[in-house]
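Understanding the architecture of this molecule
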Amino acid sequence: MSTINTMMTMNKEDDSLIHEDHAPVTTCHPLSVVLGILCCPITMCSCYTIQERESAILLTYGKYAGTVSQPGIHFANVWGRDLRKISTKVISVDLPHTKVVDKNGNPLLISGVLTYQFVNVRKALLDVENANQFVYTQAQAALKQIVSRYPYESDEHNHHSLKSESAEIGMEMVQILQSRVNISGTKIHSFAFNEISYAPEIAAGMLKRQQAAATVAARKTIILGAVEIAHGAVQELQERGISMDDKAKVALVSNLLTVICSDRDAQPIVPLGN
């Protein structure tokens, strides 16, 4: 619960950092008014449009004059005006396969999917150079940072791993990336692994290790089952009144274990009397 509360607090702080101020467009610069009157025909080109899910900022002679987010046609004196637009739609980006080293030093090939949205137009257009490229670069850095904290897989149940805890780790990636891109007025909606695997140079060796671990686990299960079967057989024979000495019990148990644990079909040999 404390972790959830911490995440909610961080999300609120992030929202306050990237929240759009929606500053109104200020009045025209006096020089723009004079030029507009003297060059009236050109001034008629001062109208511009804002599409749905689009915002823009106005600069007048290099100074921030306001943010326009309302779709439709608008008017701002063209003289000295610099109009910069940006899409406020939710953007989805695929991060290509990148070789990253996990906590145990194993090289991995990881790709991810990122969805984000620009919610503070002024920061996106004025505080960073090329906001989309900035988010993309920071996402790659955050991906490498997170992967280096966890092993690809863990034998301990209480430890997180990239293979089994991708959802929880994805939430952590969102938090880390959000803190990196607040300066650009970006809201991170989701950040998750797309594909994750061992790098080719160690993939064969890790596959053998996984196969060996699976073989050991299977053998352990077979042996435990064989012991239960042998014990049950001896006990059942005794309950039915068939008495056996210790030597006969050992021979019976040995034969049962050999037959059950063998990876080949049993070939019984029947001794024939003289």
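The structure we're discussing is the one just above.
Residues numbered from 1 in each chain as written. Predicted model: local features only at pLDDT ≥ 70, side-chain atom pairs only at ≥ 80, totals over all residues. Heavy atoms only, no water.

1. Regarding the overall build of the protein
Within the protein one finds 8 helices and 8 strands. Per-residue burial for the protein yields a buried fraction of 32% across its 274 residues. Partitioning the contacts of the protein with sequence separation of at least 6, the portion at a separation of at least 24 is 70%. Only carbon and sulfur atoms are counted for the fraction: they give 58% of the accessible area of the protein, which is about 17300 Å². (Helix = DSSP H or I, 4+ residues; strand = E, 2+ residues; numbered from the N terminus. Buried < 20%, exposed > 50% of the residue type's maximum accessible area, 1.4 Å probe, protein only. Contact = heavy atoms within 4.5 Å. Areas by Shrake-Rupley, 256 points an atom, 1.4 Å probe, with all protein chains shown as cover.)

2. Re the nonpolar core
With 37 residues, the main nonpolar core has Leu114, Leu177, Phe191 and Phe193 as its most contacted residues. Only β2 (54-60), β6 (91-101), β7 (107-118), α4 (121-127), α5 (131-147), α6 (166-181) and β8 (186-198) provide two or more residues apiece to this core. In terms of residues, this core owes the most to one element, α5, which gives 8 residues. Among all residues touching phenylalanine 191, those that are not within four sequence positions of it are Leu95, Val113, Leu114, Ala139, Ala142, Leu143, Gly170, Met173, Val174 and Leu177. Residues Ala56, Leu58, Ala65 and Val68 belong to the second largest nonpolar core, which totals 7 residues. (Core = buried A, V, L, I, M, F, W, Y, C linked by side-chain atoms within 4.5 Å.)

3. Quick notes on the pattern of salt bridges
Tallying each qualifying case throughout the model produces 2 salt bridges. A salt bridge links arginine 84 to aspartate 82, with the shortest nitrogen-to-oxygen separation between them at 3.1 Å. For aspartate 82, a relative accessible area of 28% corresponds to the partly exposed category. (Salt bridge = Lys/Arg side-chain N within 4 Å of Asp/Glu carboxyl O.)

4. Remarks on the environment of isoleucine 222
Tracing the sequence through the fold places isoleucine 222 in helix α7 (residues 200-239). C-alpha of isoleucine 222 to C-alpha of cysteine 261: the two residues are 39 residues apart in sequence and 6.4 Å apart in space. Beyond its immediate chain neighbours, meaning those up to four positions away, isoleucine 222 contacts Ile260 and Cys261.

5. Brief notes about the sheet that holds β2
What the 3 strands build is an open sheet, ordered β3-β2-β5; its pairing is antiparallel. If you trace the sheet from one side to the other, it starts and ends with β3 (63-68) and β5 (81-87), each paired once. Averaged over all adjacent pairs, the angle separating strand axes in this sheet is 20 degrees, with direction ignored. As paired elements, β2 and β5 share 7 bridges and run antiparallel to each other. Directly across from leucine 58, in β5, lies its bridge partner leucine 83. (Pairing = 2+ DSSP bridges. Axes fitted to C-alpha atoms, helices over the stretch in contact; angles between N-to-C directions.)

6. What about the sheet that holds β6?
Spatially, β6-β7-β8 is the arrangement adopted by the 3 strands of the open sheet, whose pairing is antiparallel. Only two strands of the sheet have a single partner each, and these edge strands are β6 and β8. Across the sheet, the axes of successive neighbouring strands diverge by a mean angle of 20 degrees, strand direction being ignored. With 11 bridges connecting them, β7 and β8 associate as antiparallel partners. Each bridged residue has a counterpart across the sheet, and for valine 113 the counterpart in β8 is alanine 192. Along the sheet, α5 contacts β6, β7 and β8; its crossing angle with β6, the most-contacted strand, is approximately 40 degrees. Relative to β8, α6 is tilted by about 135 degrees, and along the sheet it contacts β7 and β8.

7. A short note on the pairing of β2
Within β2, 6 of the 7 residues are buried, which leaves it mostly tucked inside the rest of the structure. Bridging between β2 and β3 involves 5 bridges; their strand directions are antiparallel. Across the sheet, residue leucine 58 finds its bridge partner in β3, namely glycine 66. The antiparallel hairpin formed by β2 and β3 contains 2 residues in its connecting segment, where tyrosine 61 sits at a positive phi of about 50 degrees.

Fair warning: the whole summary comes from geometry, so function is off the table for now.
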